[in-house]
Amino acid sequence: MSNEEGGNPQFYFCDCFTTDNIFLKDYKLHVRFVSEQQFRLDYQTISQEVDRRRRLGVASAERAAAIKDVYHPLHPHVYRLQESYLAPKFKQIVEYCRSPGASEEGLSDLLEEEAAARVYRFPVFEKSFCEELVEELEHFEQSSAPKGRPNTMNHYGILLNELGFDEGFITALREHYLHSLTSLLYPDCGGRCLDSHKAFVVKYDMNEDVDLSYHYDNAEVTLNVSLGKDFTEGNLYFGDMKQVPLSETECSEVEHRVTEGLLHRGQHMHGALPISSGQRWNLIIWMRASRERNKLCPMCNKRPTLVEGEGFADGFTKHPDAPLNASCVLT
């Protein structure tokens, strides 16, 4: 006689116990595994993303060449940095940083420090330039030229190196202006030896991406400039550095105003709250110091294992005089 016939129920497992909600400790991820075929189908997007990253440099170079052939800019002058594009306050700040005896304390008097530690706000561009730059970006978006998106978190935006902004604009801005600030504000995380960057714009729209999840950047120092257009809400928020557990973190909200930039450490956790109306364009410059990241990759927290890349790649070098064309294979 079975236990059930004798009044004692037989207990069972649900079949899903052997297939569902399997926790992979190394990845802190729950997965489902019925068969290898099912697993590959369910997680093929991961494989696709790995393949995309492996050929990222080649694909980017191909797009850049195609853009150069087929795209006709609306405002060709915005591709080369001019002092007239810069806000007078920003030029005053840079002038102070270049002066003998400039100090972090003296610089802080000229900046607006936010509630989040070591996050600084200051005007960067004139509004008229921001408007022309957004017009140029919209013109490119509407063209038939190929487009590469900034990363897996931002589905709408433009890689500025592919469009031709690197040499004449972003490099000049980093080397001749931003370097003066970062040297004083972030000497402990590579601010004095920034030697490469990745620059892109991101777009938030009510019918597209409206926010950005909590994350840190693949950078030593980041500049985030609000370019426009008309939008409501969508402030940024900052937590702590990435090493601090989320349970021990208190976030601070930071207003993002058009023409102004927020300068912060790349490993400082942050995100963007949803916009409630309109559309917003942001210029993001991830500034990198090979002297720092050559010792420890900021994405995998290991000594980097390098693979060759195009252009600045991810800012790693094999030695101080090597060209900036390496990425960490682990990321």
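Because the structure is a prediction, the values reported are computed rather than measured.

(A) Highlighting the packing of helix H4 (residues 88-98) against helix H8 (residues 166-185). One can describe the packing of H4 onto H8 by two numbers: an axis separation of 9 Å at closest approach and a directional angle of 65°. With respect to H8, the axis of H4 lies roughly perpendicular. With respect to the hand of their crossing, H4 and H8 are arranged in left-handed fashion. The segment H4 lies against H8, with Phe90, Ile93, Val94, Cys97 and Arg98 engaging Leu173, His176, Tyr177, Leu178, Ser180, Leu181 and Leu184. Its residues placed into classes, the contact of H4 with H8 shows 9 nonpolar, 2 polar and 1 charged.

(B) Main features of the UniProt feature "domain: Fe2OG dioxygenase" (unreviewed entry) in the protein. Here the UniProt-annotated "domain: Fe2OG dioxygenase" (unreviewed entry) positions come out as residues 195-289. The span residues 195-289 shows a helical share of 0% and a strand share of 62%, and its end C-alpha atoms are spaced 5 Å apart.

(C) Seen up close, the pairing of strand E13 (residues 268-272). Among the 5 residues of E13, 5 are classified as buried, and the element is accordingly described as predominantly covered. The side-chain alternation of E13 yields two buried faces, one formed by His268, His270 and Ala272 and the other by Met269 and Gly271. As paired strands, strand E7 (residues 212-215) and E13 are joined by 2 bridges and run antiparallel to one another. Note that in E13 the partner of Leu212 across the bridge is Ala272. In terms of strand pairing, strand E10 (residues 236-241) meets E13 through 4 bridges, oriented antiparallel. Bridge assignment links Met241 to a residue of E13, and that residue is His268.

(D) Main features of the pattern of salt bridges. In this structure the tally under the stated criterion is 16 salt bridges. A salt bridge links Glu260 to Arg121, with the nearest nitrogen and oxygen atoms 3.3 Å apart. A residue pair is termed long-range when its members are at least 10 positions apart, and Glu260 in strand E12 (residues 260-265) and Arg121 in strand E4 (residues 120-123) qualify at 139 residues. Arg121 carries the same exposure label as Glu260, and that label is buried. Salt-bridge contacts for Glu141 lead to Arg149; the nearest nitrogen and oxygen are separated by 3.1 Å.

(E) A look at the nonpolar core. Among the nonpolar cores identified, the biggest contains 56 residues, and Phe90, Phe125, Leu173 and Leu227 are the most heavily contacted of them. Ranked by residues supplied to this core, first place goes to H8 with 9 residues. In this structure, Leu159, Phe200, Ile275 and Trp286 belong to the second largest nonpolar core, which totals 10 residues.

(F) Inspection of the packing of aromatic side chains at higher detail. This structure, assessed with the given rule, holds 13 aromatic pairs. With a centroid separation of 6.2 Å and an interplanar angle of 65°, the aromatic rings of Tyr120 and Tyr186 are classed as edge-to-face. One end of the pair, Tyr120, is in strand E4; the other, Tyr186, is in the loop between H8 and strand E6 (196-205), with 66 residues separating them in the sequence. Seen in terms of ring centroids, Phe125 and Phe129 are 5.0 Å apart; in terms of plane orientation they differ by 50°. Their pairing is tilted. Summarising the burial analysis for this pair, Phe125 and Phe129 share the class buried. Against the face of Phe231 rests Arg280, its NZ or CZ located 5.3 Å from the ring centre.

(G) A negative patch on the surface, seen in detail. A contiguous patch of negative charge on the surface is contributed by Glu104, Glu105, Asp109 and Glu113. Tracing the backbone shows Asp109 in the loop between helix H5 (104-108) and strand E3 (112-113).

(H) Region of interest: H8. Taking 1.5 Å per residue as the helical rise, H8 with its 20 residues ought to reach 28 Å, whereas the 24 Å between its terminal C-alpha atoms falls clearly short. Approximately 55° is the largest bend angle found in H8, and it occurs at Leu178. The buried fraction of H8 is high, at 16 of 20 residues.

(I) Up close: the sheet that holds strand E11 (residues 252-254). One open sheet accounts for 4 strands, arranged E7-E13-E10-E11; its pairing is antiparallel. Each edge of the open sheet is held by one strand with a lone partner, namely E7 and E11. Averaged over neighbouring strand pairs, the angle between their axes works out to 25° when direction is ignored.

Rules and cut-offs
Residues numbered from 1 in each chain as written. Predicted model: local features only at pLDDT ≥ 70, side-chain atom pairs only at ≥ 80, totals over all residues. Heavy atoms only, no water. Axes fitted to C-alpha atoms, helices over the stretch in contact; angles between N-to-C directions. Helix = DSSP H or I, 4+ residues; strand = E, 2+ residues; numbered from the N terminus. Parallel < 35°, antiparallel > 145°, perpendicular 65-115°, else oblique. Left-handed = near helix turned anticlockwise from the far one by under 90°. Contact = heavy atoms within 4.5 Å. Nonpolar A, V, L, I, M, F, W, Y, C, P; charged D, E, K, R; others polar. UniProt positions renumbered as here; feature names shortened; annotations may be inferred. Buried < 20%, exposed > 50% of the residue type's maximum accessible area, 1.4 Å probe, protein only. Pairing = 2+ DSSP bridges. Salt bridge = Lys/Arg side-chain N within 4 Å of Asp/Glu carboxyl O. Core = buried A, V, L, I, M, F, W, Y, C linked by side-chain atoms within 4.5 Å. Phe/Tyr/Trp six-rings, centres within 6.5 Å; stacked < 30°, edge-to-face > 60°. Lys NZ or Arg CZ within 6 Å of the ring centre and 35° of its normal. Patch = residues over 30% accessible without salt bridge, like charges linked within 9 Å, V, L, I, M, F, W, Y side chains within 5 Å. Areas by Shrake-Rupley, 256 points an atom, 1.4 Å probe, with all protein chains shown as cover. Lys, Arg positive; Asp, Glu negative; His and termini not counted. Charge placed at Lys NZ, Arg CZ, Asp CG, Glu CD. Expected span 1.5 Å × (residues − 1). Bend = angle between axes of the 7 residues up to and from the residue.

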